[in-house]
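# Tertiary structure, described
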Amino acid sequence: MPHRVVDVHTHVVPKGWPDLAAACGGAGWPWLRVDSERAAMIMVGETEFRPVGAECWDPETRLADMAADGVDVQVVSPTPVFFSYDRPADQAVKVARIFNDLMLEVTAGGGDRLVPFCQVPLQDPDAACAELDRCLAAGHAGVEIGNHVGDRDLDDAGIVQFLTHCAEVGAPVFVHPWDMPGGPRLDRWMARWLTGMPAETHLSVLALILGGVFDKVPDTLRICFAHGGGSFPFWLGRADNAWHRRGDLVRGASSAPPSAYVDRFSVDSVVFEPAALRLLVDTMGEDRVLVGSDYPYPLGERPVGQVVHRAEFLTDAQRAKLLGGNALRFLHG
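Residues numbered from 1 in each chain as written. Predicted model: local features only at pLDDT ≥ 70, side-chain atom pairs only at ≥ 80, totals over all residues. Heavy atoms only, no water.

### Some remarks on the overall build of the protein
Note the threshold: Helix and strand labels come from DSSP, where a helix needs a run of H or I of at least four residues and a strand needs a run of E of at least two; each type is numbered from the N terminus. Restricting the calculation to C-alpha atoms gives the radius of gyration, and the globule rule supplies 2.2 Å times the number of residues raised to the power 0.38. Note on classification: 1.4 Å probe, protein chains only; a residue is buried when its accessible area is under 20% of the maximum for its type, exposed when over 50%, partly exposed between these limits. Working rule for contacts: check all heavy atoms of both residues, and any pair within 4.5 Å makes them a contact. The charge count treats Lys and Arg as positive and Asp and Glu as negative. His and the chain ends do not count. Every charge is mapped to an atom, namely NZ of Lys, CZ of Arg, CG of Asp or CD of Glu.
When helices and strands are tallied, the protein shows twelve helices and eleven strands. Taken over C-alpha atoms, the radius of gyration comes to 19 Å for the protein, in line with the 20 Å a tight globule of 333 residues would show. C-alpha extents for the protein along the principal axes are approximately 55 × 50 × 45 Å. Across the 333 residues in the protein, those meeting the buried criterion constitute 54%. Restricting to contacts in the protein with at least 6 residues of sequence separation, those with at least 24 account for 69%. The protein carries 29 positive and 44 negative side-chain charges, and their two centres are separated by 4 Å.

### Comments concerning empty space enclosed by the protein
In plain terms, the rule: A cavity, in this analysis, means grid points on a 1 Å lattice covering only the protein atoms where a 1.4 Å probe fits yet has no way out; a pocket is instead an open set bounded by protein on both sides within 12 Å along at least five of seven lines, and a residue lines either one if it has an atom within 4 Å of a point. Grid points are joined across faces, edges and corners, and a volume is the space filled by probe spheres set on the points.
One pass over the structure, following the stated rule, counts one cavity of 30 Å³ or more. Of the pockets and cavities examined, the largest cavity occupies roughly 60 Å³. Forming the walls of the largest cavity are Val12, Pro14, Pro78, Thr79, Phe82, Phe99, Asn100, Met103, Phe117 and Gln119. Of the residues forming the lining of the largest cavity, the biggest block, three residues, is contributed by helix H3 (residues 89–108).

### Topic: the environment of glutamine 306
For glutamine 306, the position within the fold is in helix H11 (residues 306–310). The partly exposed category is assigned to glutamine 306, whose relative accessible area is 28%.

### Looking at the packing of H3 against helix H4 (residues 125–138)
Each packed pair of helices is defined by two parameters, the angle between the axes and the distance between the axes. Threshold: Axis definition: a line fitted to C-alpha atoms, over the contacting stretch in the case of helices. Angles run 0 to 180 degrees between N-to-C directions. An angle below 35 degrees is treated as roughly parallel, one above 145 as roughly antiparallel, one from 65 to 115 as roughly perpendicular, and anything else as oblique. Each crossing is labelled by how the near helix is turned from the far one, with a counterclockwise turn of less than a right angle marking it left-handed and a clockwise turn marking it right-handed. Note on residue categories: nonpolar means Ala, Val, Leu, Ile, Met, Phe, Trp, Tyr, Cys or Pro, charged means Asp, Glu, Lys or Arg, and polar means any other residue, Gly included.
Where H3 meets H4, the axes come as close as 11 Å, and the angle between the chain directions of the two elements is 20°. Classed by the angle they form, the pair H3 and H4 counts as roughly parallel. H4 is crossed by H3, and the crossing has right-handed handedness. Contacts between H3 and H4 pair Val93, Ala96, Arg97, Asn100, Asp101 and Leu104 from the former with Ala127, Glu131, Arg134, Cys135 and Ala138 from the latter. Looking at the contact of H3 with H4 residue by residue, the classes come out as six nonpolar, one polar and four charged.

### Concerning unusual backbone geometry
Note: most residues except glycine have negative phi, and most peptide bonds are trans. Backbone torsion omega between tyrosine 295 and proline 296 reads 5°, so that peptide bond is classified as cis. Relative to the assigned elements, proline 296 resides in the loop between strand E11 (289–290) and H11. One non-glycine residue, aspartate 294, lies in positive phi territory at about 65°.

### Examining the packing of aromatic side chains
The condition that has to hold: Centres within 6.5 Å make a pair out of two Phe, Tyr or Trp rings, where for Trp the six-membered ring is used; the pair is then stacked when the planes are under 30 degrees apart, edge-to-face when over 60, and tilted otherwise. In this scheme, Lys NZ or Arg CZ marks a charge over a ring once it lies within 6 Å of the ring centre and within 35 degrees of the ring normal.
Tallied over the full model, the rule gives twelve aromatic pairs. Centre to centre, the rings of phenylalanine 83 and tyrosine 85 are 5.0 Å apart; their planes meet at 5°, and the pair counts as stacked. Note on accessibility: phenylalanine 83 and tyrosine 85 belong to one class, buried. An aromatic cluster is built from Phe214, Phe225, Phe232, Tyr261 and Phe265, whose rings are joined through pairwise contacts. Positioned over the ring face of tyrosine 297 is arginine 50, at 4.2 Å from the centre of the ring. One Lys or Arg, arginine 238, reaches over the ring of tryptophan 235 and ends 6.0 Å from the middle of that ring.

### Re the nonpolar core
We count it as follows: We define a nonpolar core as any set of buried Ala, Val, Leu, Ile, Met, Phe, Trp, Tyr and Cys residues linked to one another through side-chain atoms lying within 4.5 Å.
Residues Ile145, Phe162, Leu163, Ile223, Phe265 and Leu277 are the most contacted members of the largest nonpolar core, which totals 65 residues. The dominant element in this core, judged by the number of residues it contributes, is helix H5 (residues 157–169), at six residues. Those residues in contact with phenylalanine 162, other than ones at most four positions away along the chain, are Val120, Leu122, Ala128, Cys129, Leu132, Val143 and Ile145. Within the second largest apolar cluster, 18 residues are counted, among which are Val13, Val95, Leu102 and Tyr297.

### A short note on the environment of aspartate 58
The condition that has to hold: Identification of polar contacts relies on pairs of N or O atoms within 3.5 Å, with a donor-acceptor requirement for protein atoms, meaning one able to donate a hydrogen and the other able to accept it, and with residues adjacent in sequence counted only if both atoms are side-chain atoms.
Tracing the backbone through its elements, the reader meets aspartate 58 in the loop between strand E4 (47–53) and helix H2 (59–69). Taking C-alpha positions, aspartate 58 is 9.6 Å from glycine 110, a pair spaced 52 residues apart along the chain. Only 2.5 Å separates the side chain of aspartate 58 from the side chain of threonine 61, close enough to count as a polar contact.

### Here we look at the sheet that holds strand E7 (residues 142–146)
Either a parallel or an antiparallel arrangement is found when strands of a sheet pair, and the pairing is made through backbone hydrogen bonds. Threshold: Strand pairing is assigned whenever DSSP identifies at least 2 bridges connecting the two strands.
Spatially, E1-E5-E6-E7-E8-E9-E10-E11 is the arrangement adopted by the eight strands of the open sheet, whose pairing is parallel. Edge positions in the sheet fall to strand E1 (6–12) and E11, since each of these pairs with one other strand and no more. Where strand E5 (residues 73–78) meets strand E6 (residues 114–118), three bridges bridge the pair, whose relative direction is parallel. Counted as the bridge partner of valine 76 is proline 116 from E6. Taken strand by strand, helix H6 (residues 191–210) contacts strand E8 (173–176) and strand E9 (223–225), and its axis lies near 150° from that of E9.

### Let's talk about the UniProt feature "domain: Amidohydrolase-related" (unreviewed entry) in the protein
Applied cut-off: UniProt positions are given in the numbering used here, feature names are shortened, and annotations may be inferred rather than shown by experiment.
Feature annotation in UniProt places "domain: Amidohydrolase-related" (unreviewed entry) on residues 6–331, given in this structure's numbering. Here residues 6–331 runs as 41% helix and 17% strand, with 10 Å between its end C-alpha atoms.

### Observations regarding the side chain of arginine 264
Rules: Every case where a carboxyl oxygen of Asp or Glu lies within 4 Å of a side-chain nitrogen of Lys or Arg is listed as a salt bridge.
In this fold, arginine 264 is placed in the loop between helix H9 (247–250) and strand E10 (266–268). It is aspartate 263 that comes nearest to the buried, bridge-free arginine 264 among opposite-charge side chains, at 5.6 Å. Engagement of the side chain of arginine 264 in a polar contact is seen with the backbone oxygen of proline 218, the distance being 3.4 Å.

Here's what the structure looks like:
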């Protein structure tokens, strides 16, 4: 009997949205240049940001790809360029409402196979909590957040307030890196995506641990990090060593070494190679790795979940957990 497959890491881009300058105030907002029925370009001002296709907005195209890959359910999250954390909070609230409502329109075409996650104005914790509550009531199943707000990482008091609210209302949280540093050494070869994203995710996992967040937030918080947790799983031993040997600088607000907290969060499986997946399962445990693909973007995995299928070291029971069982627990508790 085939395993149930749940992909926790996919994105959507609506096929058009209102003029955000008119609807939200401010300037320099993303807009969509529609080039054909099935192709468009996300623009930021007059700069081309990312080409997108019908799979980003058309449920039938998405469902056909899911069928081809044997995926039963997708968790569908915003594309991070729309987070708008650098905007005034009142503008971010408005843009979040626009894209969250559009998200429901896109995913409605997939029935219960497309599970919508919302975005929130994370720079304002009270507004973020209010928008999450509105979205949960409207039909969203959880929330995607960026891994930082400017120089504020996930141990910032306001973000901790939001994460505590997520724990209290039972909303799963998917953390996606975004707004990576640039510069001459990073602005070639997609280096911001190839090195910056893993580093950003690693740093934010450490912020939850060394910032004492896991010691403060209820253990009912269900939180998952994209891209296999970035570089964190590979360097967990280094973090533990530093915690013990340079505790004067490293321990921060944590009550235990980093390895004591790996059962407090999950990671997706977008690591592409079985050897990397083995490290991930060995480090995080077989209950904390969830299939993710980064669909529909080109740096994602297709066919979805192939690294799990190729991993000969997994038992059938472990493979079932990674393909869907762990994700269902992440979504529903």
